[in-house]
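In case you want the letters, here they are:
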Amino acid sequence: MLLVDVLEEHLDEAEFRWLQWERSLEAPDFTLDETATREERLLAHLEGLEDTSALDTVLRPAFDSEEAQRVSAATYALLGLGEVDEALVRLRGANAPVRAAILRAMEVSEAPGLASRLLELLKLEDTPFQAGVLEALAFRQEAPVEVLARFFTHEEPRARIAALLGAPSLPEETVRRHLPALLDSAHPGIRAAAMEAGLASGVRLAWEACRRAVQMPDEHAREAMVLLALGGDEAEAALLVGLLESAQLRAHALWALGFSGRVPAMDACVRYLAVPDVSRLAGESFSAMTGLRLEGAFALPPGERPEGAPTPPEEQESLDADLTLRPEDDLPWPNVAAVKDWWAQHQARFVKGTRYLLGEPFSGLVLVEALESSSMRRRHVLARELAIRTRGQHRIPTRAFTHRQRVALAKARATAAHVRAAPLAAPHR
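Below, the structure is looked at part by part. (Residues numbered from 1 in each chain as written. Predicted model: local features only at pLDDT ≥ 70, side-chain atom pairs only at ≥ 80, totals over all residues. Heavy atoms only, no water.)

The next thing to look at is the pattern of salt bridges. For the structure on display, the rule yields 32 salt bridges. The salt bridge partner of E142 is R140, with a shortest N-O separation of 2.7 Å. By relative accessible area, which is 10% here, R140 ends up buried. The partner of R377 in a salt bridge is E284, and the shortest N-O contact between them spans 2.7 Å. (Salt bridge = Lys/Arg side-chain N within 4 Å of Asp/Glu carboxyl O. Buried < 20%, exposed > 50% of the residue type's maximum accessible area, 1.4 Å probe, protein only.)

Listed below in structure tokens is the structure:
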């Protein structure tokens, strides 16, 4: 009974720490090093579950709970014990939420032979099931291009998106026969994935589609805005600044502008620091471009909010209030006067026509360094940019365990000097 109590404690802790780890991957106030510390505690409890006596006592019963993080932890431990067959059987018999939790564990597992077994499952006729498995294989970067190509025109949108984003570079035939229709899809997710895959393949048509989407934006244009920001020049930055006039698009435009690194974007962020609804987003983007850390004198004291600031979810009394915590809720409130003073003193060193990242002129090395030091929430976009600029050669798995991320970062750093730093406005095909 003592051993069972210990194993149950390991599972309870693994469930809690898996949730903490997942949240840290999206957090604006966590770095890679801080996430690694949180991750170590999770891995210690997962290792504690890799005991054959845990199979019947805690791991198999865990699948009855349908708690996502508990199922993920139990699946990871099953795979660590070599019970790949059982994990796959459970995957095939699970409902959609449990299936997603099992697949999440499979994404980050290093169990030998798992990828080949997942590839076999793609032969099944269950369309939603196929899409989930393909997403896991794309995450693991273990889906062969010829397999991905079969799904570029699949009837399931999730499968198309996973195939497009999982391909390091699109085959020439796909660009010629399918990319135009994908870029014009009625599904916003497919359009965005096709733009990103096209840019990573150096296709000018993808850039033109991205620019059109921002020129005629709707509520689905967020991803196009981001791609335009990280690939554009002063003209694209000005286009995004113009979107700030729309209250509906303002938050998306500010998020995108933080990746543009252009002086007009910095000026625009400073102007919106005093607008309570987007003050923290404007501060985050300004910080990402200029390198000014919003802490100490440049941020309001913890617990203090400017006049007119939205009430935090946990303090809202309305029964209809959305109490969901968003990553941006953990951003600091900028001290508007202090940030404006800093900008007045340092603005001259930022040159129009130059792109900046964390206060440095943009380059491949600066991009890799930003991936190592930026907040976890921003690293997902930076990793996408690295993949685009290296034609899929360097893909940092920003939602994998940190040791895997560091291996990929070390490889990227070794060739960072060769990363194309020019705007993407003129791709090669």
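Here we come to the nonpolar core. In this structure, W18, L91, M106, L118, V133, M225 and F286 are the most contacted members of the largest nonpolar core, which totals 138 residues. Once residues lying within four places of it in the same chain are set aside, the contact partners of L91 are R99, I102, L103, M106, L118, L121, F129 and V133. (Core = buried A, V, L, I, M, F, W, Y, C linked by side-chain atoms within 4.5 Å. Contact = heavy atoms within 4.5 Å.)

Among the structural elements, Q345 can be located in helix α20 (residues 336–346). Look at Q345 and you get exposed, because its relative accessible area is 62%. Separated by 207 residues in the primary sequence, Q345 and A138 place their C-alpha atoms 46 Å from one another. (Helix = DSSP H or I, 4+ residues; strand = E, 2+ residues; numbered from the N terminus.)

A separate point is the packing of aromatic side chains. Evaluated as defined, the whole model comprises eleven aromatic pairs. Consider the rings of F286 and W343, whose centres lie 5.4 Å apart with planes at 85 degrees: the pair is edge-to-face. Note that F286 is positioned in helix α19 (residues 279–290) and W343 in helix α20, a separation of 57 residues in sequence. Accessibility expressed as a relative area gives 4% for W343, which makes it buried. (Phe/Tyr/Trp six-rings, centres within 6.5 Å; stacked < 30°, edge-to-face > 60°.)

This part is about the packing of helix α10 (residues 157–166) against helix α13 (residues 188–200). Geometrically, a packed helix pair is captured by the angle between its two axes and the distance between the axes. It is at 9 Å that the axes of α10 and α13 come closest, and there the two elements cross at 15 degrees. Considering their axes alone, α10 and α13 lie roughly parallel with respect to each other. Considering only the axes of α10 and α13, their crossing is left-handed. Contact residues: P157, R160, I161, L164 and L165 in α10; G189, I190, A193, A194, E196 and A197 in α13. For the contact of α10 with α13, the class distribution of residues is eight nonpolar, one polar and two charged. (Axes fitted to C-alpha atoms, helices over the stretch in contact; angles between N-to-C directions. Parallel < 35°, antiparallel > 145°, perpendicular 65-115°, else oblique. Left-handed = near helix turned anticlockwise from the far one by under 90°. Nonpolar A, V, L, I, M, F, W, Y, C, P; charged D, E, K, R; others polar.)

Mapping S24 onto the fold places it in helix α1 (residues 2–24). Residues contacting S24, with those up to four places away along its chain left out, are F30, T35, R38 and M376.

Here we take up the environment of R404. Along the chain, the position of R404 falls in helix α23 (residues 402–414). Between the alpha carbons of R404 and V108 there is a distance of 9.1 Å; along the sequence they are 296 residues apart. Excluding its chain neighbours within four sequence positions, the residues that come into contact with R404 are E107, F139, R140, Q141 and P397.

Over its 13 residues, α13 runs 19 Å from end to end, which matches the ideal 18 Å to within 8%, given 1.5 Å per residue. By the criterion of burial, α13 is predominantly enclosed, with eleven of the 13 residues buried. Regarding α13, the residues found buried are I190, R191, A192, A193, A194, M195, E196, A197, G198, L199 and A200. On its buried face, α13 is in contact with α10, α12 (179–183), α14 (204–215), α15 (222–231) and α22 (376–389). A positive phi of about 70 degrees marks G202, the residue just after α13. (Expected span 1.5 Å × (residues − 1).)

Here the focus is the side chain of R17. As for its position among the elements, R17 is in helix α1. Those residues within four positions of R17 in sequence are excluded, and the remaining contacts are R41, L42 and H45.

α22 packs onto α13 with a crossing angle of 45 degrees between their chain directions and a minimal axis gap of 7 Å. Relative to α22, α13 is oriented oblique. Taken together, the residues of α22 that come into contact with α13 (itself represented by E196, L199 and A200) are R384, A387 and I388. The residue inventory of the contact of α13 with α22, partitioned by class, reads four nonpolar, no polar and two charged.

In short, shape yes, function no, at least from these values alone.
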